[in-house]
Amino acid sequence: MLPPADTAPEPVPAAAWRRAADGAPLSPVLPPDASLLVLAAHPDDETIGAGRLLADHTGPARCVTLTAGERCHGESADAAQVARTRLREWGAALAVLGAEPVETPRWPDAGLSGHEREAAEALAGWAAGADAILAPWRHDPHPDHEAAGRVGAEVARRAGTPLWSYLVWTPYWMHPEDLAGRGAELLRYPSSERAGVRWREALARHRSQVTAQPPASHPVVPATLLDRHESQLLIRETHAVRA
Ligand SMILES: [Zn+2]
């Protein structure tokens, strides 16, 4: 996940997303025993964007991270060490959410778009046994998230399995009014208070992302992003979009 750069534009106001979330229709609820395959581009995506849904879900939820997120601290950090840390945090967070990490091949952080076909093929077997696939929305504003979203859509299409899209950076960088133009409707998935507690606990396991890692003075995942995920948001695609 990329930190907001000093030169980045200002995030959209949180109030706009609060209003959008409050006004969003409720989504259908997954059957309690549904078997889920959950895709992420980086080891914290599904916790940020789908953690409440996962915390409430009682059926199996198998989670895949398509990269180890090893580039999140920049070129000067030891990528192998960052990968180990992040995968350990991923496992700890998933344990809080009651989800299961699945070992699959992984591709380069910040380079996932060059490996979408291989990723879709590697996940075909897992998708065949799933009742629903969750993936980042294919327009979530990060190149790896867009790639993971396209992989999710392709895997779901081939397996004939419904795709549920979740958001990570969308509520930070994209205005809610821009969703419709991208063929998307915002939905709110009903989630329990307990799921909110678990979601926070799981986020805290991603210590390398939610706390500043010197020499950086800001965490990779700012608190002002997490404030925009105070309810479980999902995307329903309202018309066919280019994969
Ligand atoms: Zn990410």
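Counting restarts for each chain: residues are numbered from 1 in the order of the written sequence. Local features in a predicted model are, by the rule used here, given only for residues with pLDDT of at least 70; side-chain atom pairs are given and counted only at 80 or more, and totals for whole chains, interfaces and linings are based on all residues. Water and hydrogen atoms play no part in the side-chain values, which are based on all heavy atoms of the structure.

As annotated in an unreviewed UniProt entry, the chain is PIG-L family deacetylase from Citricoccus nitrophenolicus.

Along the backbone of the chain there are 9 helices and 7 strands. We take the radius of gyration over the C-alpha atoms and set the globule estimate at 2.2 Å times the residue count to the 0.38 power. The C-alpha atoms of the chain give 16 Å as radius of gyration, which agrees with the globular expectation for 243 residues (18 Å, within 12%). The dimensions of the chain, computed from C-alpha atoms along their principal axes, are 45 × 40 × 35 Å. Across the 243 residues of the chain, 50% fall into the buried class. Restricting to contacts in the chain with at least 6 residues of sequence separation, those with at least 24 account for 83%. For the purpose of charge, His is not counted, nor are the chain termini; Lys and Arg are scored as positive and Asp and Glu as negative. Each charge is placed at NZ for Lys, CZ for Arg, CG for Asp and CD for Glu. Within the chain, the 31 negative side-chain charges are centred at a point lying 1 Å from the centre of the 24 positive side-chain charges. Every helix listed is a DSSP run of H or I at least four residues long, and every strand listed is a run of E at least two residues long, numbered separately from the N terminus. Three labels apply to residues, based on accessible area from a 1.4 Å probe with only protein chains included: buried if under 20% of the type maximum, exposed if over 50%, partly exposed otherwise in between. In this analysis, two residues are considered to be in contact whenever any of their non-hydrogen atoms come within 4.5 Å of each other.

Its location among the elements puts Gly129 in the loop between helix 4 (116–128) and strand 4 (132–136). Along the chain, Gly129 and Ser35 lie 94 residues apart, while their C-alpha atoms are 7.5 Å from each other.

So, on to the nonpolar core. Only buried residues count toward a nonpolar core. Its members are Ala, Val, Leu, Ile, Met, Phe, Trp, Tyr and Cys residues joined through side-chain atoms within 4.5 Å. Counting 35 residues, the largest nonpolar core has Leu36, Leu53 and Leu134 as the members making the most contacts within it. Excluding its chain neighbours within four sequence positions, the residues that come into contact with Leu134 are Leu36, Leu37, Val38, Leu39, Ala50, Leu53, Trp164 and Tyr166. Counting residues in hydrophobic clusters, the runner-up holds 20 residues, among them Val64, Ala119, Leu123 and Ala135.

With respect to the helices, strands and loops of the structure, Thr67 is situated in the loop between strand 2 (61–65) and helix 3 (79–97). Look at Thr67 and you get buried, because its relative accessible area is 0%. Sequence separation between Thr67 and Ala83 is 16 residues, and the spatial gap between their C-alpha atoms is 8.8 Å. Excluding its chain neighbours within four sequence positions, the residues that come into contact with Thr67 are Ala41, His42, Pro43, Arg106, Trp107, Pro108, Asp109 and Leu112. In the analysis that follows, any N or O atom pair within 3.5 Å is treated as a polar contact, provided that within protein one partner can donate a hydrogen and the other can accept it, and provided that, for residues neighboring in sequence, both atoms belong to side chains. In this structure the side chain of Thr67 is engaged in a polar contact, spanning 2.7 Å, whose partner is the backbone oxygen of Ala41.

Looking now at the packing of aromatic side chains. Two rings from Phe, Tyr or Trp (for Trp, the six-membered ring) form a pair when their centres sit within 6.5 Å of each other. Planes less than 30 degrees apart are called stacked, planes more than 60 degrees apart edge-to-face, and all others tilted. A full pass over the atoms with the stated rule returns 3 aromatic pairs. With a centroid separation of 5.3 Å and an interplanar angle of 75 degrees, the aromatic rings of Trp169 and Tyr172 are classed as edge-to-face. The burial state of Trp169 is the same as that of Tyr172; both residues are buried. Aromatic side chains Tyr172 and Trp173 sit 4.8 Å apart centroid to centroid with 85 degrees between the ring planes, which places their arrangement in the edge-to-face category.

Time to look at the packing of helix 4 against helix 5 (residues 143–159). For helices, the fitted line uses only the C-alpha atoms of the stretch in contact; every axis is such a line through C-alpha atoms, and the angle between N-to-C directions lies from 0 to 180 degrees. Taken N-terminus to C-terminus, the directions of helix 4 and helix 5 make an angle of 45 degrees; their axes are 9 Å apart at the nearest point. Considering the angle they form, helix 4 stands oblique to helix 5. Relative to helix 5, helix 4 is oriented so that their crossing is right-handed. Between helix 4 and helix 5, the contacting residues are Glu116, Ala119, Ala120, Glu121, Leu123, Ala127 and Ala128 on the first element and Ala147, Arg150, Val151, Glu154, Val155, Arg158 and Ala159 on the second. Class assignment of the residues belonging to the contact of helix 4 with helix 5 gives a composition of 9 nonpolar, no polar and 5 charged. Roughly parallel means an angle under 35 degrees; roughly antiparallel means over 145; roughly perpendicular covers 65 to 115; every other angle is labelled oblique. What makes a crossing left-handed is the near helix being turned counterclockwise from the far one by less than a right angle; a clockwise turn instead makes it right-handed. Only Asp, Glu, Lys and Arg are considered charged, only Ala, Val, Leu, Ile, Met, Phe, Trp, Tyr, Cys and Pro nonpolar, and every remaining residue, Gly among them, polar.

Tracing the backbone through its elements, the reader meets Glu116 in helix 4. Remark: the alpha-carbon pair of Glu116 and Arg86, spanning 30 residues in sequence, is separated by 22 Å. Discounting chain neighbours no more than four positions away, the residues touching Glu116 are Ala147, Arg150 and Val151.

Another aspect to go through is the pairing of strand 1 (residues 36–40). A regular strand carries its side chains on alternate faces of the sheet. The element strand 1 is largely enclosed, with a buried count of 5 among its 5 residues. Burial of strand 1 is two-sided: the residues Leu36, Val38 and Ala40 facing one way and the residues Leu37 and Leu39 facing the other way are all buried. Each pair of strands is called paired provided DSSP finds at least two bridges between the two strands. Pairing of strand 1 with strand 2, which is carried by 5 bridges, proceeds in the parallel orientation. Following the sheet pairing, Ala40 is matched in strand 2 by Thr65. In this structure, strand 1 lies alongside strand 4, joined through 3 bridges in parallel fashion. Residue pairing for strand 4: Leu37 is matched across the bridge by Ile133.

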